[in-house]
Amino acid sequence: MVPVAYQSPAPYREEAIAVPIARGRLSGTLTLPAGPGPFRVALVVAGSGPTDRNGNSALGVTVGTYEKLAHALAEENVATYGTTNAESGRARRANRRKICGSTTS
């Protein structure tokens, strides 16, 4: 029999939310520290190219840098809102149409 290490509950909670903006919505993940708040908050904006709110890219980057950052900040009592790049994920074509007026690559 192999002993299983106890894992405490995550010191944060996450919610997928969309914030209304002038040309649609800004989709992202709100990561909140455990507890009642209030909390300081950091906005994490995905880099250029097809980068998602967790810091992963369709170009092969899958380390979840922004997600790890959000979790580490939550442990320090800082909330984060990580956004999805307009060129990433399911909203890519719709976002490109809103921003550029075109859906061609």
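Residues numbered from 1 in each chain as written. Predicted model: local features only at pLDDT ≥ 70, side-chain atom pairs only at ≥ 80, totals over all residues. Heavy atoms only, no water.

Engineer: Break down the confidence of the model for the protein chain for me, with residues and values.
Structural biologist: Here the protein chain averages 78 in pLDDT, and 70% of its residues register 70 or above. At the low end of the mean pLDDT range in the protein chain sits helix α2 (residues 92–100), at 56; at the high end sits strand β3 (residues 40–44), at 93. (pLDDT = per-residue confidence, 0-100. Helix = DSSP H or I, 4+ residues; strand = E, 2+ residues; numbered from the N terminus.)

Engineer: Mind laying out the side chain of T29, listing which residues take part and the relevant values?
Structural biologist: Following the sequence through the fold, T29 ends up in strand β2 (residues 24–33). The class for T29 is buried, based on a relative accessible area of 17%. A distance of 3.2 Å separates a polar atom in the side chain of T29 from a polar atom in the side chain of R53. Ignoring anything within four residues of it in the chain, the contact list for T29 reads E14, E15, A16, R53, T80, Y81 and G82. (Buried < 20%, exposed > 50% of the residue type's maximum accessible area, 1.4 Å probe, protein only. Polar contact = N/O pair within 3.5 Å; in protein donor to acceptor, adjacent residues only side chain to side chain. Contact = heavy atoms within 4.5 Å.)

Engineer: Provide a residue-level description of helix α1 (residues 65–75), including the pertinent values.
Structural biologist: Every buried residue of α1 is listed here: A70, H71 and A74. Down the axis of α1, the buried set is contained in an arc of 95°. They therefore lie on one face. Residues K68 and E75 are exposed on α1 and point more than 90 degrees away from its buried face. Residue N77 follows α1 closely and has a positive phi angle near 70°. (Arc of directions from axis to C-beta.)

Engineer: So what's going on with the sheet that holds strand β1 (residues 12–21)? Residues and values would help.
Structural biologist: Read from one edge to the other, the open sheet built from four strands follows the order β1-β2-β4-β3, with strand pairing classed as mixed. Edge positions in the open sheet fall to β1 and β3, since each of these has one partner strand only. Going from strand to strand, the sheet's axes swing by 25° on average, the running direction of each strand aside. Of the pairings in the sheet, the one linking β3 to strand β4 (residues 78–83) comprises five bridges and is parallel in character. Pairing of V41 across the sheet is with A79, part of β4. (Pairing = 2+ DSSP bridges. Axes fitted to C-alpha atoms, helices over the stretch in contact; angles between N-to-C directions.)

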